[in-house]
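# Inside the fold
These are the residues of each chain, in order.
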Amino acid sequence: MASEKINPALAGDAEAAVPAPPQVDQSNDGGSSAKDEAIAMVGEHEHALDPVIVARAVRKIDWFLIPAMIFGYGIVYYDKAILGSAVLFGMTADLQLSVTDRTVSPPTVDTSRMSWATSLFYFGMLAGLYPMSFALQRFDIGRVLGGIVVLWGGVCMLTAAVTTYQGLFAQRFFLGFVESIVPTGFMCIISGFYTQQEQSLRQSWWFSSTGLFTILGGALNYGFAQIQGGGLRSWQYIYLLAGVLTVLFGVFCFWMPNSPVTAWFLTAEERFAAVERLRFSQTGVRCTKIKMGQVKESLLDVKTYLIFVMMASAYTMNGAVSGFGPLIVSTFGWNVLHSIVFQFPLGGLCFVIILLTGYLGTKIPNIRLIMLILTCLPVIAGCAIIWKSEWSYRAAAPVVGYSITGFFGGTVSLIITVGMSNVAGHTKKSFMAATIFAAYCVGNIVGPQMVKSQTRAEHYPELWLGLIICYIICIAASATLYVILLAANKKKAAVPEDEAERAKLAFQDLTDLENPYFRYVL
């Protein structure tokens, strides 16, 4: 296709300034083409674009995707974190999630069933991550995502019908399996609609709902705690509400486009601009062909393993906090309702730090890994404060330490951004997305297992020491990745650049290692 230049002086007449884009088959039958689907629209040569139309396209994409993603991932987080509050509303006794041994004096309480109820969710998610990620790549995103999310809502509502801890174990596994489609899907959607520079802020926007819904979910749970009448327990109402909200989100997902090429809410000129503007980043848009060569490259790429270690170590904090946070706070002398309210400062700090690091990562080049390391330090400090402070009646110090650990949200958000913005090739991006949340699952499985109720009098030393060690590991892995990416960029920069070749290679579905013009963001 010949290069079509657009005169920037015509910005005031945006519609006239853009050439009629080539006609594109938007049926997306998942054909066997090995190239990016964007190439059928914009070809192999660079096109000048009207910045007015580009800005309008990005604005429409933001308004369509981001609010929905914030709500959708907020439901994911709320759904997982419900268990931590539900145990305070009688769920523990109703489903025999804790066992009291009265043969010893004083009696001891074993909460291992509660730990497994938390961990089994992530075993289910671990089982679903890779098949769900590749299903989203191979088939229509809207139909797959919408159908699975509606199923997830149904499984969530069925929690209210569970009567034994064995039934809860099974329900939690299947809930995790179907929920696995959301985070990996969101990461790949963002990487297909936005440039490398823009991804930091956009990934942080949807992930910030972990903090936002810690607050909103806590407020909802506080309200449900006031319910005294009716035929159900408070924790059953919570799960019914979460299920209904999930189904509503699932209905919306049926309208999700596969890529900017088929974004129905954009005009033809805006679709053309939305695709062409991604050429410079060399990350591609979407390719439905699953390439085993890219899977092999992912398995041999040291970045994959470093990102895995970083995410697994960082997310042990969430595994402990989401499942046991309110229960741990209640040991400081606060009642059930106070324990829920104290989730608000943690969630608020998490929300602010995620958005702040995302904004700075977009505005300041190559600062993401440095910020990642810096956000680990307050988490370590918070764990030390909780562990070593006095747990007297309504003590302030452990609550302050607990709130400070909200910095972990910024750490995890940056790991997602660094991982997804530093790979190219759609199969490799799908693999990286699944790997990031496989590590997320490992962290969430390990975290609850470090909570030993028998060591409550000693302030759960295994938990806080374990979390401190995990964050030291995260810092070391992040520093190693920084050195590797910096060296890789220097090696790529030594190769002479050909702008025509650069434009041609942008939508060939090449990986970051195959494409000499791909640059890593630090």
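Our structure's up above, just so we're on the same page.
Quick caveat, the model's predicted, so the values are computed rather than measured. (Residues numbered from 1 in each chain as written. Predicted model: local features only at pLDDT ≥ 70, side-chain atom pairs only at ≥ 80, totals over all residues. Heavy atoms only, no water.)

### Section: the overall build of the protein chain
Helix and strand counts for the protein chain come out as 23 helices and 2 strands. Each of the 522 residues in the protein chain was classed as buried or not, and the buried ones make up 61%. (Helix = DSSP H or I, 4+ residues; strand = E, 2+ residues; numbered from the N terminus. Buried < 20%, exposed > 50% of the residue type's maximum accessible area, 1.4 Å probe, protein only.)

### As for helix 8 (residues 181–193)
Spanning 13 residues, helix 8 covers 18 Å between terminal C-alpha atoms, matching the ideal 18 Å at 1.5 Å per step. Of all the 13 residues making up helix 8, 13 are buried; the element is thus mostly covered by neighbouring parts of the structure. (Expected span 1.5 Å × (residues − 1).)

### Focus on the nonpolar core
Judged by nonpolar contacts, the single largest core of 122 residues is most densely connected at Tyr73 and Trp206. In terms of residue count, helix 3 (residues 51–86) provides more of this core than any other element does, 13 residues in total. Once residues lying within four places of it in the same chain are set aside, the contact partners of Trp206 are Met69, Ile70, Tyr73, Pro183, Phe186, Met187, Ile190, Ile416 and Phe437. Judged by nonpolar contacts, the second largest core, of 16 residues, contains Met41, Leu49, Ile53 and Val275. (Core = buried A, V, L, I, M, F, W, Y, C linked by side-chain atoms within 4.5 Å. Contact = heavy atoms within 4.5 Å.)

### Brief notes about the packing of helix 9 (residues 196–207) against helix 20 (residues 408–421)
Each pair of packed helices can be described by the angle between their axes along with the distance between the axes. Contact geometry for helix 9 and helix 20: axes closest at 9 Å, N-to-C directions at 140 degrees. Relative to helix 20, the element helix 9 is oriented oblique. Considering how the two elements wind past one another, helix 9 and helix 20 form a crossing that is right-handed. Side by side, helix 9 and helix 20 meet where Gln196, Gln199, Ser200, Gln203, Ser204, Trp206 and Phe207 of the first sit next to Gly409, Val412, Ser413, Ile416, Thr417, Met420 and Ser421 of the second. Among the residues making up the contact of helix 9 with helix 20, the classes are represented as 5 nonpolar, 9 polar and no charged. (Axes fitted to C-alpha atoms, helices over the stretch in contact; angles between N-to-C directions. Parallel < 35°, antiparallel > 145°, perpendicular 65-115°, else oblique. Left-handed = near helix turned anticlockwise from the far one by under 90°. Nonpolar A, V, L, I, M, F, W, Y, C, P; charged D, E, K, R; others polar.)

### Considering a negative patch on the surface
Taken together, Glu46, Asp498, Glu499 and Glu501 make up a surface patch of like negative charges. Tracing the backbone through its elements, the reader meets Glu499 in helix 23 (residues 499–505). (Patch = residues over 30% accessible without salt bridge, like charges linked within 9 Å, V, L, I, M, F, W, Y side chains within 5 Å. Areas by Shrake-Rupley, 256 points an atom, 1.4 Å probe, with all protein chains shown as cover. Salt bridge = Lys/Arg side-chain N within 4 Å of Asp/Glu carboxyl O. Lys, Arg positive; Asp, Glu negative; His and termini not counted. Charge placed at Lys NZ, Arg CZ, Asp CG, Glu CD.)

### Details of the side chain of Gln137
Looking at the element boundaries, Gln137 is found in helix 5 (residues 112–138). Gln137 gets classed as buried once you look at its relative accessible area, which sits at 1%. With residues near it in sequence (within four places) discarded, Gln137 still touches Arg286, Cys287, Thr288, Lys289, Ile290, His426, Thr427 and Ser430.

### Quick notes on unusual backbone geometry
Of note in the backbone geometry, Asn366 takes a positive phi value of approximately 55 degrees without being a glycine. Along the polypeptide, Asn366 turns up in the loop between helix 17 (343–363) and helix 18 (368–388). Classification of Asn366 by relative accessible area gives partly exposed; the value is 40%. Despite not being glycine, Asp509 shows a phi value in the positive range, around 55 degrees.

### Digging into the environment of Arg138
When you line up the elements, Arg138 lands in helix 5. Along the sequence, Arg138 and Ile290 sit 152 residues apart, while their C-alpha atoms lie 7.0 Å from each other.

### A closer look at the packing of aromatic side chains
Counted under the stated rule, the structure contains 21 aromatic pairs. Between the aromatic rings of Tyr165 and Phe169, the centroid separation amounts to 5.5 Å while the plane-to-plane angle is 70 degrees, which identifies the pairing as edge-to-face. Taken together, the residues span about one helical turn, with Tyr165 and Phe169 both in helix 7 (residues 165–179) at a distance of 4 residues. Given a relative accessible area of 17%, Tyr165 falls into the buried group. The aromatic ring of Tyr165 is capped on one face by Arg113, whose charged end is 3.9 Å from the ring centroid. (Phe/Tyr/Trp six-rings, centres within 6.5 Å; stacked < 30°, edge-to-face > 60°. Lys NZ or Arg CZ within 6 Å of the ring centre and 35° of its normal.)

### As for the environment of Gln203
You can see Gln203 is positioned in helix 9. Between the alpha carbons of Gln203 and Ile354 there is a distance of 9.4 Å; along the sequence they are 151 residues apart. The contact partners of Gln203, leaving out residues within four places of it in the chain, are Phe186, Met187, Ile190, Ile416, Thr417 and Met420.

### Structural notes on the pattern of salt bridges
Considering all chains together, one arrives at 13 salt bridges under this definition. In this structure, Glu270 engages Arg56 in a salt bridge whose closest nitrogen and oxygen atoms are separated by 2.6 Å. With Glu270 in helix 12 (residues 268–276) and Arg56 in helix 3, this residue pair connects regions lying 214 residues apart in the sequence. The same class applies to Glu270 as to Arg56, namely buried. When the shortest N-O distance is used, the salt bridge between Arg277 and Glu198 registers 2.9 Å. Taken as a pair, Arg277 in the loop between helix 12 and helix 13 (292–300) and Glu198 in helix 9 lie far apart in primary sequence, 79 residues in all. Exposure class is identical for Arg277 and Glu198. Each is buried.

Read these as spatial facts, not as claims about activity.
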